[in-house]
Amino acid sequence: MSSFFSILYVLVFLPSVVILYNIFPKKYRPIVLLVGSYIFFWSMSGKLLVYLLFSTLSVHHIGLWLTNLQSERNLKLKEVEKSEKKELKGLYQKKQRRVVLFGVLLHIGILLAVKYTPFFTENINSLFGVLNIPITLDIPKIMMPIGISFYTLQAVSYIFDVYREIISADRNLLKIALYMGFFPQIMEGPICRYSETAHILCEGERTSYQGLTMGIQRILYGMLKKIVVADRLNSLIKTVFDNYSQYDGGIIVVAAVCYTLQLYMEFSGTMDLVIGTAQIFNVKLPENFRQPFFSKTVSEFWSRWHITLGIFFKDYIFYPLSMSKPLKKLTTKARKLVGNHLGPLVAGAVALFCVWICNGLWHGAGWNYIFFGMYHFVLILTGNIVEPYAKKLLERLHVKKKGVAYHTFSVVRTVILVVIGEMFFRANGLRAGMSMFKNMITNFSLASFSDGTILTLGMDAQDFMIVGITVAIVMVISILKEKDVSVREGIAKRNLVLRWSIYYALIIFIVIFGAYGRGYVPVDPIYANF
Amino acid sequence: MKCLKQILRCAVFLAGLVLILTVLHPIFAPKNNSEGSGIEDVSANGILSEKKNSIDVLVLGDSLSHTAISPMMLYKDYGITSYLCGSYGQYMYDTLRYLEQAFENQSPKIVLLETDTLYRRFNVTDAIASSIQCEFPVFRYHDRWKDITASDFKGDINYTCINDYKGYRGKDIVNGIPNPQYMVPTDKIDDISTLNQYYMNEIVKFCKEKNAELILVSTPSVLNCNYERHNGIQEIADKYGLEYVDMNLLAEEVPIDWEKDTRDKGDHLNHEGAKKVTSYLGKYLEDKNVLTDHRGDKEYAQWDDSLAIYMEKIETVFVGTNE
């Protein structure tokens, strides 16, 4: 299987797992899911399955280790005098912290080793070159198991949650194995908490008719986004990003917009498929997107795009750092120096910087990804700094912040900033990104539209038309969702003839207008490579 | 009861979907086999325009087949009517599809399978996709939505494009390689993948049902042939009781000069190499005494017209590619 959208997955693997899951008695159903998950992982990464198995076993062990320490502490707390309790708690907290540190270093260490060794080695070689040191290290080629960036974060969140006593460690290895390796989410998330999915995964409830139909609907919606739009845009994006120096700024803008659109359609489409698949097994996975292109600020955009990653960074990096003693002290000092608005922002900036450097690096080992992270750090920090001043300015200019005009301006501004960021993200290296940006600004022209160049990049007028129609459909559904109107529930309430007609129309639309078969190269699962 | 009702409802929905996909096929199917009609591989599908039951020898395989065997030469020298349904990078599932398609309108007595395709690996997904495309051709030709006109809804199909080279795609480029030693005897066997074996079995079964003799042919190729593969193919030939002609081992009968007769350093033959292969193959087929010499037969007048064009464009003023 090459992706969730491969024929083998959609027509063979998934139906087989669903059938077997329902044939087996309730207590064996989680085992069916786990075996299915490991077969899926094996088909993608082969022997690298050992990475997942190792992570699963180690997380299980570390969780129990922490819980044992907590139980031991609780027992001793009952036996000691009140005056000694604080000291005892401190002692056990230290012990637990050591275990957490070990667990986090182990998992993040594997991720760093597998994902970043070539990047670090390359940069060390460059540094040696600059310093005239005649040493060149071999750049290792390390095979990366699918989804390691996702399940590692789940492992880390489990360790932290046990440490924080939000959950207690599970002795049930099957549960942890399913939490780590559940096949729909292993490749591109969403990044779940143990408390969100582990129990429901092991309940083994039979697939309900409603779950099946709603799940399939969601899968089809995801296929519409991925196969009709993301794959159709692939040719143009590849042509322009690979040969950016040959095109004027107008074309670069089109390619950057198309890439942002492709990224959204690919990733959110995959999430639709993932969430729909889980729904068939009665598992409710957290949403990863909430109409991001309706955001008024970049900060809001990131609370609507890849939501589970944002929450992970917020809960496990931003808040712990902000609440740490050194940063609290910094806030107090900064308040005195620069006032109540900017003061807290100083410590916040440190935490925000850490979040965005991690965010950039999580997406890939490359300077353009680091730049991508820093770009958003600067935008969000600037937004936070100027917020009260902007508010005052708007008041003076009598601009209504909740008015349609300002709202539209804010949304368009955010989209433009996001598109620029994504262009750097997709560019073949930071230098290429800079060059494209420069070209966009200094060499902007609409000549390529009037002379027909735009139609020679891998998409003809009909391709643009189909993309436009599909994007309009997705847009309408998104607007309704934004207004809390559920299209799916609306359809479900209609009579059978209308309902089935809509389903047939959707399937036939994908079959006919999907960019697959001869002449098309489907886009690889973009987020699976992060 | 409720569960049964739900299963029944799913079955009805799927049946409706199958019906819609079937109804869509005549709309999306290419209405001709010409360039621009939207049909895949115009050259290999040229057989669709051939007169019913006029082809005696069908050749299948990947690019090694359509660069090494010239059907018009077989007609000119032996009166054998053959068609080459070889295509670039042909996989065994494509081979089976072309075979089945050819027999819808033709009854070849002999089927030649160029063996390079037996070592062309593919995965289960590709095989399933191919099967689905065979059952519901709308998946193969869905992209024709861009060219669909009102006449497509009538569904009238008329294959009018006669391929004068009968699927041959020779080139006169010379890009040689000095004295390659690529057929070093060994007992080792290059195993044929399970999927390819499955399709081989299907092809053998199909040919038996149609009373056509299936012959395995390895045309000379330095890059694609070796003794391990020869052994693997021989094993398959023995298993099914098929004749196997490995021209890589017939240096005297097929005297390929690798400095002159290849167009890409031993990967494919050029026209001169193809002439040597076809000459040997013609004699081999003639010796079987099962094929009729159609030269001079009024029913095959079109072949004479194609031969004239072939001679004019290929034999006398060969200019690069003739695809």
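Okay, so let's go over this structure. (Residues numbered from 1 in each chain as written. Chains lettered and ligands numbered in written order. Predicted model: local features only at pLDDT ≥ 70, side-chain atom pairs only at ≥ 80, totals over all residues. Heavy atoms only, no water.)

Quick look at the pattern of salt bridges
Residue and element names in this part refer to chain B.
For step 1, the next point in the chain: Across all of its chains, the model carries 35 salt bridges over all chains by this definition.
For step 2, the next point in the chain: Here Asp152 and Lys31 are joined by a salt bridge, their closest N and O atoms 3.0 Å apart. Here Lys31 lies in the loop between α1 (2–28) and β1 (57–60) and Asp152 lies in the loop between α6 (138–141) and α7 (194–209), a separation of 121 residues in the sequence.
For step 3, the next point in the chain: For Asp116, the salt bridge identified is with Arg120, shortest N-O distance 3.9 Å.
For step 4, the next point in the chain: What makes Arg120 partly exposed here is its relative accessible area of 25%.
For step 5, the next point in the chain: Among the charged side chains, a salt-bridge network with shared partners connects Asp62, Asp116, Arg120, Asp190 and Arg229. (Salt bridge = Lys/Arg side-chain N within 4 Å of Asp/Glu carboxyl O. Helix = DSSP H or I, 4+ residues; strand = E, 2+ residues; numbered from the N terminus. Buried < 20%, exposed > 50% of the residue type's maximum accessible area, 1.4 Å probe, protein only.)

Describing the interface of chain A and chain B
For step 1, the next point in the chain: In this complex, chain A contributes 27 residues to the contact, which on the side of chain B involves 24 residues.
For step 2, the next point in the chain: Counting each side, the surface lost to burial between chain A and chain B is near 2,300 Å², with a carbon and sulfur contribution of 74%.
For step 3, the next point in the chain: Looking only at chain A, the three residues that lose the most surface to chain B are Tyr209(A), Tyr504(A) and Ile512(A), adding up to 27% of its buried area.
For step 4, the next point in the chain: The salt bridge involving Lys146(B) is made with Asp463(A); its shortest N-O contact spans 2.9 Å.
For step 5, the next point in the chain: The set of elements that each furnish at least two residues to the side of chain A that touches chain B consists of α1 (7–23), α9 (209–242), α18 (461–482) and α20 (496–513) of chain A.
For step 6, the next point in the chain: Of all the elements, α20(A) adds the most residues to the side of chain A that touches chain B, at 10 residues. (Contact = heavy atoms within 4.5 Å. Buried area = accessible area lost by both parts, 1.4 Å probe.)

A few points about helix α12 (residues 307–322) of chain A
For step 1, the next point in the chain: Of all the bends in α12(A), the greatest, near 40°, is centred on Lys314(A).
For step 2, the next point in the chain: Within α12(A), the full set of buried residues consists of Ile307(A), Thr308(A), Leu309(A), Phe312(A), Phe313(A), Tyr316(A), Ile317(A) and Ser322(A). (Bend = angle between axes of the 7 residues up to and from the residue.)

Points about the nonpolar core
All names here are of chain A.
For step 1, the next point in the chain: Formed by 161 residues in total, the largest nonpolar core has its most connected members in Tyr9, Leu33, Phe40, Tyr158, Phe182, Phe183 and Phe281.
For step 2, the next point in the chain: With 17 residues, helix α10 (residues 249–280) is the largest single contributor of residues to this core.
For step 3, the next point in the chain: Counting only domains with at least three residues in this core, you end up with domain 1 (7–206) and domain 2 (218–268 + 286–529).
For step 4, the next point in the chain: Not counting residues up to four positions away in its chain, the partners in contact with Tyr158 are Val59, Gly63, Ile167, Ala169, Asp170, Ile176, Tyr179 and Tyr194. (Core = buried A, V, L, I, M, F, W, Y, C linked by side-chain atoms within 4.5 Å. Domains from an automatic or database assignment.)

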